[in-house]
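Coordinate analysis (summary)
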Amino acid sequence: MTLAILATVALGIASGFFIIPQSIVPYMGTIINIGLCILLFFVGIDIGNQGDLFKKLKSMGFKILFVPIMVAVGSIVGTIIGGTLLSLPWNQAGAVGAGFGWYSLSAIELSKYSAQLGTLAFITNISREVMALMLIPVVARYIGKLESVAPGGATTMDVTLPVISKSTDGNIAVIAFITGVVLSSMVPVLVPLLMTFG
Amino acid sequence: MDILLYVIILAIGGFLGYRRLFKPAVMNRLDTLQNLSLLLLLFIMGVNIGLDQEVIYTFGTIGFQAIVLAAFSIVFSVIGVKLVSSRIIKQK
């Protein structure tokens, strides 16, 4: 799927660069927004279909919700600090960070604002996913098992879950999954919210 | 308000998924449909990038910024969880 995604984006870039006329530019925002709504509907079904997360949460204790909250705060604060060093506007840097590694959704959301920001969100969040895959075992070993949930962000419910599960234990894997679901639900809200500031 | 619209759509999808209103066969087809709509959207996003000459010519700079932002988001997330980890689970 990752390869298909990269190929599709590359094909789109080439089409936009060589074939598709500039006259379409004023409509791109609306086209992207409609597509985004369709995608969010499917994402909702996926999340709902995961079964009774509430029950799992109750048995583990609601304090584990601090994990996604801290990952969210850390990601946004971290990108704002990094963005300041790069002299990027703080709200844009924060919005890119609020993608939490979910590169497809955050990039599509932000390409509504500008192609540049969409590109930045895409590469940042895809890099986060790749770095997370490499760092999870290292963090689990040298910093802590619970901390190894942090690098993956929203991807801890799918892509990075097997690596976390292998590097830690069943309990942490459940926390990782719940963290991923909570963070994924936050992406469609926090990314546009941060863009309304500044 | 776009955000409200997103939340409502997400919630409707979530409700339908939670209620298991779709049979497994339909879910499989939905999965394919979801992948296709994702790829179509990413194609459109790509077109949006390709149409913007400035982005194409500053691709290297954007890539560098992206790696810095990704690294900062990971480091601060780990620090964030570290701050609360001793209260959540006992670990060695």
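In this text the structure is predicted, and so the values were computed from the model without any measurement. (Residues numbered from 1 in each chain as written. Chains lettered and ligands numbered in written order. Predicted model: local features only at pLDDT ≥ 70, side-chain atom pairs only at ≥ 80, totals over all residues. Heavy atoms only, no water.)

With respect to the domain arrangement of chain B
Put simply, the rule is: Each domain span listed reflects an automatic or database assignment of domains.
What the domain assignment reports for chain B is domain 1 (1-57) and domain 2 (58-92). The gap between the C-alpha centroids of domain 1 of chain B and domain 2 of chain B is 26 Å.

Points about the side chain of A:Ser184
Residue and element names in this part refer to chain A. Which entries qualify depends on this criterion: Helix and strand assignments follow DSSP, with helices taken as H or I runs no shorter than four residues and strands as E runs no shorter than two, numbered in order from the N terminus. Burial classes follow relative accessibility: with a 1.4 Å probe on protein chains only, a residue under 20% of its type's maximum area counts as buried, one over 50% as exposed, and anything between as partly exposed. Contacts are residue-level and defined by heavy atoms, with any inter-residue pair within 4.5 Å sufficient.
Its location among the elements puts Ser184 in helix H9 (residues 170-196). Overall, the relative accessible area of 5% leaves Ser184 in the buried class. Those residues in contact with Ser184 that lie beyond four places of it in its chain are Trp102, Ala154 and Met157.

Structural notes on the packing of aromatic side chains
All names here are of chain A. Going by this rule: Centre distance within 6.5 Å is the pairing criterion for rings of Phe, Tyr and Trp, where only the six-membered ring of Trp is used; planes under 30 degrees apart are then read as stacked, over 60 as edge-to-face, and the remainder as tilted.
According to the stated counting rule, one finds 5 aromatic pairs over all chains in the structure shown. Relative to Phe18, the ring of Phe17 has its centre 5.0 Å away and its plane inclined at 85°; by these criteria the two rings are edge-to-face. Given the relative accessible area of 28%, Phe17 is considered partly exposed. Residue Phe18 is classed as exposed on the basis of its relative accessible area, which comes to 67%. With a centroid separation of 5.6 Å and an interplanar angle of 90°, the aromatic rings of Tyr103 and Phe122 are classed as edge-to-face.

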